[in-house]
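Commentary on secondary and tertiary structure
Below, each chain spelled out in residue letters.
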Amino acid sequence: MGNGVREGPVDFKGQDAEPVTSTPLPSEDNQEKKKVLNSLMSGALAGAVAKTAVAPLDRTKIMFQGESRWLLQKSSYFEAYRLIYRTYLNEGFWSLWRGNSATMVRVIPYAAIQFCAHEEYKQLLGSYYGFQGKALTPFPRFIAGSLAGTTAAMLTYPLDMVRARMAVTPKEMYSNIVHVFIRISREEGLKTLYRGFTPTILGVIPYAGLSFFTYESLKKLHADHSGKSQPSPPERLLFGACAGLIGQSASYPLDVVRRRMQTAGVMGHTYSSILLTMQEIIREEGLIRGLYKGLSMNWVKGPIAVGISFTTFDLTQILLRKLQHSTNGKR
């Protein structure tokens, strides 16, 4: 203060200049909003297409995981498809998609949030580790996927609970999604809507982390070895299938535990914790036949669903960017 030196920025005339701020330009804000909106739309479409494609297998998997006792000694790969056929004969073709409306109510926001969050986490971690504009290294790549899956699961879990209930119960029990919410809240309490939440989060961390990690890693390897910036759609499907196979195999036992805890109220069981649920499953059915029941079917369903999901997301993103670019070019 007393040294005669003027503080702050000074212009060429010796007058105090206005302080410089780092406020982003309006065009930058608009670009970021468009990017987020594109990710949300692409993710929603990816989830809807993928889940609808495998809905019959998904319902059958949930029925196996829910441990209908008459299936206890028959939970093989071939019996799963016999179950699909019997369901078709007894209840009709569209019964194979029973619960899919509840699945869409959950999957559309879940996939939209997960894919959008993944893009944002990649950007944040890229800035933190100094990889702006470059592919993340393996560990941040895994963390970005895990955080994206965890974020989506936390925000949409009650809808997953509703889907599981609709899949394992006769249609006379619950007439629609709202009816499931009302009956569970009235008869079992609101806390029931989050039953199985802990194993869900514990399963999502390796599942989403490994799925996104594998897919992003395979795309990077492809770019490094082929010299092409983008893989073809069939290659994307293959990379996504590998990602789904690895991710779902790693997290499958926790997925079984989650389904048991979700459907306990209508299947005549009481499960109080993850460990006790695992112990009861192993004691009654064995380690492999219990905790990995339906996994062989998941090796078909999972890779198909994840492959379609990743491919749909990427291609929709590319299409939306091209549409925006052509629109901007005409202005």
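An unreviewed UniProt entry annotates the chain as Mitochondrial coenzyme A transporter SLC25A42 originating from Nycticryphes semicollaris. In its Function (unreviewed entry) section, the UniProt entry covering the chain states "Mitochondrial carrier mediating the transport of coenzyme A (CoA) in mitochondria in exchange for intramitochondrial (deoxy)adenine nucleotides and adenosine 3',5'-diphosphate." Its UniProt record, at the heading Subcellular location (unreviewed entry), says of the chain: "Mitochondrion inner membrane".

Turning next to helix H6 (residues 177-187). Among all positions in H6, only Ile-177, Val-180 and Ile-184 are buried. When H6 is viewed along its axis, its buried side chains cluster within an angular range of 55° and face the same direction. When the buried face of H6 is taken as reference, the exposed residues oriented beyond 90 degrees from it are Val-178 and Arg-186. Just past H6, the residue Gly-189 takes up positive phi, approximately 95°.

Glancing now at the pattern of salt bridges. Inspection of the entire model under this criterion finds 11 salt bridges. Linking Asp-160 and Arg-106 is a salt bridge whose minimum nitrogen-to-oxygen distance equals 3.3 Å. Residue Asp-160 is found in helix H5 (residues 138-168), and its partner Arg-106 is found in helix H4 (residues 100-129); the two are separated by 54 residues along the sequence. Neither residue differs from the other here; Asp-160 and Arg-106 are each classed as buried. We note a salt bridge from Glu-119 to Lys-122, for which the minimum N-O separation is 3.6 Å. Taken together, the positions of Glu-119 and Lys-122, both in helix H4 and 3 residues apart, correspond to about one turn of that helix. Connected via shared salt-bridge partners are Arg-106, Asp-160, Asp-255 and Arg-258.

Judged by side-chain polarity, Tyr-85, Tyr-88, Leu-89, Phe-93 and Trp-94 come together as a nonpolar surface patch covering roughly 630 Å² of accessible area. Its location among the elements puts Tyr-88 in helix H3 (residues 77-91).

Here we come to the packing of H5 against H6. Contact geometry for H5 and H6: axes closest at 10 Å, N-to-C directions at 100°. One finds that H5 runs roughly perpendicular with respect to H6. Residues Pro-158, Leu-159, Val-162, Arg-165 and Met-166 of H5 form the contact with H6, whose participating residues are Ile-177, Val-180, Phe-181 and Ile-184. Here the contact of H5 with H6 is composed, by residue class, of 8 nonpolar, no polar and 1 charged.

Below, the discussion takes up the packing of aromatic side chains. Under the defined criterion, the tally for this structure stands at 8 aromatic pairs. Seen from their ring centres, Tyr-157 and Phe-197 are 5.4 Å apart, and the 80° between their planes marks the pair as edge-to-face. Of this pair, Tyr-157 sits in helix H5 while Phe-197 sits in helix H7 (residues 197-226), placing them 40 residues apart in sequence. On the basis of relative accessibility, which here comes to 1%, the residue Tyr-157 falls in the buried class.

Conventions used here
- Residues numbered from 1 in each chain as written.
- Predicted model: local features only at pLDDT ≥ 70, side-chain atom pairs only at ≥ 80, totals over all residues.
- Heavy atoms only, no water.
- UniProt positions renumbered as here; feature names shortened; annotations may be inferred.
- Buried < 20%, exposed > 50% of the residue type's maximum accessible area, 1.4 Å probe, protein only.
- Helix = DSSP H or I, 4+ residues; strand = E, 2+ residues; numbered from the N terminus.
- Arc of directions from axis to C-beta.
- Salt bridge = Lys/Arg side-chain N within 4 Å of Asp/Glu carboxyl O.
- Patch = residues over 30% accessible without salt bridge, like charges linked within 9 Å, V, L, I, M, F, W, Y side chains within 5 Å.
- Areas by Shrake-Rupley, 256 points an atom, 1.4 Å probe, with all protein chains shown as cover.
- Axes fitted to C-alpha atoms, helices over the stretch in contact; angles between N-to-C directions.
- Parallel < 35°, antiparallel > 145°, perpendicular 65-115°, else oblique.
- Contact = heavy atoms within 4.5 Å.
- Nonpolar A, V, L, I, M, F, W, Y, C, P; charged D, E, K, R; others polar.
- Phe/Tyr/Trp six-rings, centres within 6.5 Å; stacked < 30°, edge-to-face > 60°.

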